[in-house]
Amino acid sequence: MSRRLPLATAAEVRRAVGGYLRDQRGLAVATLALAVAASLSGLVAPWVVGRIVDEVIGGAEAASIVGLTALVGAAGLAAAVLTALSGALVARIGQRVLARMREDTVAAALRMPAAEVEETGRGDLLSRVGDDVAVISEVVATLLAPWVGAVLTVGLTMAGLFALDPWLAVAGLLAIPVYGFALRWYLPRAAVRYAEERAAFGDRAETLVSALDGLPTLRAYGAEERHVDLIGESSRRARDVSRSILWFATAWGKWINIAELVGLVSIVITGFVLVRTGSASVGAVTAAALYFHRLFNPLGLLVFSFDQVQSAMASLQRIVGVIGNASPGPAVSAPVRTGDLRAEAVTHRYPGTAEPVLHDVSVRLRQGETVALVGASGAGKSTLAVLLAGLAAPSEGRVSWAGAIPDRAAPLVLVTQETHVFAGPLAEDLRLADPSATDADAERALRAVGAHWIDELPDGVRTVVGELGRELDPAQTAQVALARALLADPAVVLLDEATAEADSRDATRLEDAAAAVLKGRTGLVVAHRLRQAATADRILVLEHGRIVESGDHDALIAADGQYARLWAAWESARPRRD
């Protein structure tokens, strides 16, 4: 099982949410004022009903009773309007914060090094960006406003009880130990269960993603049913965890009813004693009982929704964990345009493997130089390209660009053979490299890499391509990737078998396109076809993770070593390939 991305601590979650709320402080203050006014308006009716009881017992005139009744109606109307307004503003703040958090989560996920995503499993990341954001969205949409109102109602109602009669308030507080016992028993157990549920959802997503990605392999070996069983097992595990949480939350609900009974009975008994001794009026006891009864719904909401809050907290820890884990590193202070890139004594191993993929590799790419990297499959060529691009940190040693660790600000572009064409207008796809590029710029970049097939597109570079439009063949997809690199205008271009998907008909055309991208730039070419290596300024031969030869084509052929043998094998097979 791959390791998971880190979880944020409760303190980190509080700091993150506090930072988002500070951006909405003006709206938050107005919302809080309205919510307090709504809760205070709700305190009027029980107090007035108590007054009515005392007035009736004292034989007051009907007009006085009517006036008090009208006050109850006015207070109820005001409470309803203020509650609606404050609820709408709470929801607005929540949605704004959630939108920012969602954007930051996706941005952080996109900034994560590819090696880390592979190591932790894409299912865990997808579950956080998908399932966990959905959980928080549901809580914000359905629970945030009622929760804020409930907290204020409980606090202000207890203050009203103490103002009415401290003894009656103390009697009502006898319910608190029951609530406390129930929550003390519930919360620690619930936190573990909800974290387990989120993890089970992540495992299920990882199983589904790996099945879809590896579908051709599964079909080749007839292993579809076995993988369906794995998906079923992970789904059953997620279902069982969710079901156990449902039973767990339902079972402890009886304690809430017991707490309500204890509090109300205590107020009635205490009120009876106070009325008998003349320390309180019947109306005061009535108001106190109504105040406490008013707490049933908000307390019930707070207590019974703790399962959703716990689930949302678990999701927040996972989301903030992603945001914090992908925070940008220190800025590069090197000059904007330089092609000086080097790896110094780099050794790299993948998690869970003892044998390094690269052993003490040192490479320097000089300004304007094209270096070809050749070797057998599994020699470590792609790993070295990824490390030089700054997409992963080496296990040992150092990769530097102009004396600094390369980051996303560095003018480096890595183009691999696994190229994705995004659904939408072709020009928008190329603007990933340069958002300011015009349609004319996109067209020039495509023509520079030989993509003259754009003349056949019905709307030129505005033609919709990808899953929603025209499908591009492998050679055209490679040209789009190379055009992107050209449009980005980097100082260093790393081509990791970027032309490998081309058949013999398209090979020369794509190699010419790659040469156009490399012109005037520092370049590293992981050569699938040795013809690209033959034209490079320098060739590095990688074998079992070590550089065993270095030199230009003629020198390495004359040396009659590993490169010469690779060249001879490629030459003998070339009639069938090209």
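Preceding this section is the structure that the text describes.
Just so you know, these numbers come straight off a predicted model, no measurement behind them.

A. Representation of the sheet that holds strand E9 (residues 522–526) in the model. If you walk across this open sheet you meet the 6 strands as E5-E8-E9-E3-E10-E11, and the pairing is mixed. Among the strands making up the open sheet, the edge pair consists of strand E5 (412–416) and strand E11 (546–551). Direction aside, neighbouring strands of the sheet carry axes that sit 15° apart on average. Strand contacts of helix H18 (residues 474–488): E5 and strand E8 (492–496), with the helix running at about 175° to E5, the strand carrying the most contacts.

B. How the structure looks around the pairing of strand E1 (residues 341–348). Bridge count for E1 against strand E2 (residues 358–365) is 5 bridges, and the pairing is antiparallel. For Ala343, the partnering residue across the bridge sits in E2 and is Val363. The sheet contact formed by E1 and strand E4 (residues 396–401) spans 5 bridges and is antiparallel. Counted as the bridge partner of Glu344 is Arg398 from E4.

C. Layout of the environment of Asp459. By the secondary structure assignment, Asp459 is in the loop between helix H17 (439–448) and strand E7 (464–465). For Asp459, a relative accessible area of 53% translates into the label exposed. Separated by 33 residues in the primary sequence, Asp459 and Leu426 place their C-alpha atoms 9.7 Å from one another.

D. The environment of Ser86, seen in detail. Note that Ser86 resides in helix H3 (residues 62–111). Judged by relative accessible area, Ser86 falls into the buried class, the value being 6%. With 50 residues separating them in the primary sequence, Ser86 and Val36 have C-alpha atoms 8.9 Å apart. Beyond its immediate sequence surroundings of up to four residues, Ser86 is in contact with Thr31, Leu34 and Ala35.

E. Spatial organisation of helix H11 (residues 254–277). The terminal C-alpha atoms of H11, which comprises 24 residues, lie 35 Å apart, in line with the 34 Å expected from a rise of 1.5 Å per residue. Those residues of H11 that sit buried are Ile256, Ala259, Glu260, Gly263, Ser266, Ile267, Gly271 and Leu274. Just downstream of H11, Gly278 is the residue with a positive phi angle, here 80°.

F. Quick peek at the nonpolar core. Formed by 44 residues in total, the largest nonpolar core has its most connected members in Leu426, Leu430 and Leu446. By residue number, the principal contributor to this core is H18, which donates 7 residues. In contact with Leu426, other than residues within four places in its own chain, are Leu446, Trp453, Ile454, Leu457, Val461, Thr463, Val465 and Val480. Ala171, Leu183, Ala289 and Ala314 belong to the second largest nonpolar core, which has 37 residues in total.

G. Here's a closer look at the pairing of E8. Taken across its 5 residues, E8 has 5 buried, putting it largely inside the fold. Neither face of E8 is exposed, since Val492, Leu494 and Asp496 on one face and Val493 and Leu495 on the opposite face are all buried. Where E5 meets E8, 5 bridges bridge the pair, whose relative direction is parallel. Pairing of Thr416 across the sheet is with Asp496, part of E8.

H. Quick peek at the side chain of Ser39. Within the fold, Ser39 resides in helix H2 (residues 25–57). Exposure remark for Ser39: the relative accessible area of 4% places this residue in the buried category. With near-sequence residues (within four places) excluded, Ser39 lies in contact with Gly149, Leu152, Thr153, Leu156 and Arg294.

I. Seen up close, a nonpolar patch on the surface. On the surface, Leu261, Val265, Ile269, Phe272 and Val273 cluster together into a nonpolar patch covering about 480 Å² of accessible area. Secondary-structure assignment places Phe272 in helix H11.

J. Up close: the sheet that holds E1. The 3 strands are arranged E2-E1-E4 in an open sheet whose pairing can be described as antiparallel. Strand pairing shows two members of the sheet lacking a second neighbour, E2 and E4, which therefore form its edges. Here the strands of the sheet are splayed against their neighbours by 10° on average, with no regard to which way each runs. Of the strands in this sheet, E1, E2 and E4 touch helix H15 (residues 381–388), which is tilted by about 125° from E1.

K. Representation of the pattern of salt bridges within the structure. Considering all chains together, one arrives at 17 salt bridges under this definition. A salt bridge links Arg243 to Asp240; the shortest N-O distance between them is 3.2 Å. Placement of both Arg243 and Asp240 in helix H10 (residues 224–251) is noted, with a separation of 3 residues, approximately one turn of the helix. Judged by its relative accessible area of 34%, Asp240 falls in the partly exposed class. The partner of Arg431 in a salt bridge is Glu428, and the shortest N-O contact between them spans 2.9 Å. Arg431 gets classed as buried once you look at its relative accessible area, which sits at 13%. Salt bridges linked by common partners bring Glu428, Arg431, Asp439 and Arg462 together as one network.

L. Spatial organisation of the side chain of Glu549. Among the secondary structure elements, Glu549 is positioned in strand E11. Of the side chains bearing the opposite charge, Arg565 lies closest to the buried Glu549, which forms no salt bridge; the N-O distance is 6.4 Å. In terms of polar contacts, Glu549 uses its side chain to reach the backbone amide nitrogen of Tyr563, at 2.8 Å. What Glu549 contacts, discounting residues up to four positions off in sequence, is Ile539, Leu540, Val541, Leu556, Gly561, Gln562 and Tyr563.

M. Structural view of the packing of H17 against H18. Running from amino to carboxyl end, H17 crosses H18 at an angle of 120°, the nearest separation of the two axes being 8 Å. When the axes of H17 and H18 are compared, the pair comes out oblique. Relative to H18, H17 is oriented so that their crossing is right-handed. Contacts between H17 and H18 pair Asp441, Ala445, Leu446 and Ala448 from the former with Val480, Ala483, Leu486 and Leu487 from the latter. Considered class by class, the residues forming the contact of H17 with H18 number 7 nonpolar, no polar and 1 charged.

Here is what the cut-offs are and how they apply
Residues numbered from 1 in each chain as written. Predicted model: local features only at pLDDT ≥ 70, side-chain atom pairs only at ≥ 80, totals over all residues. Heavy atoms only, no water. Pairing = 2+ DSSP bridges. Helix = DSSP H or I, 4+ residues; strand = E, 2+ residues; numbered from the N terminus. Axes fitted to C-alpha atoms, helices over the stretch in contact; angles between N-to-C directions. Contact = heavy atoms within 4.5 Å. Buried < 20%, exposed > 50% of the residue type's maximum accessible area, 1.4 Å probe, protein only. Expected span 1.5 Å × (residues − 1). Core = buried A, V, L, I, M, F, W, Y, C linked by side-chain atoms within 4.5 Å. Patch = residues over 30% accessible without salt bridge, like charges linked within 9 Å, V, L, I, M, F, W, Y side chains within 5 Å. Areas by Shrake-Rupley, 256 points an atom, 1.4 Å probe, with all protein chains shown as cover. Salt bridge = Lys/Arg side-chain N within 4 Å of Asp/Glu carboxyl O. Lys, Arg positive; Asp, Glu negative; His and termini not counted. Polar contact = N/O pair within 3.5 Å; in protein donor to acceptor, adjacent residues only side chain to side chain. Parallel < 35°, antiparallel > 145°, perpendicular 65-115°, else oblique. Left-handed = near helix turned anticlockwise from the far one by under 90°. Nonpolar A, V, L, I, M, F, W, Y, C, P; charged D, E, K, R; others polar.

Nothing here speaks to function; it is geometry throughout.
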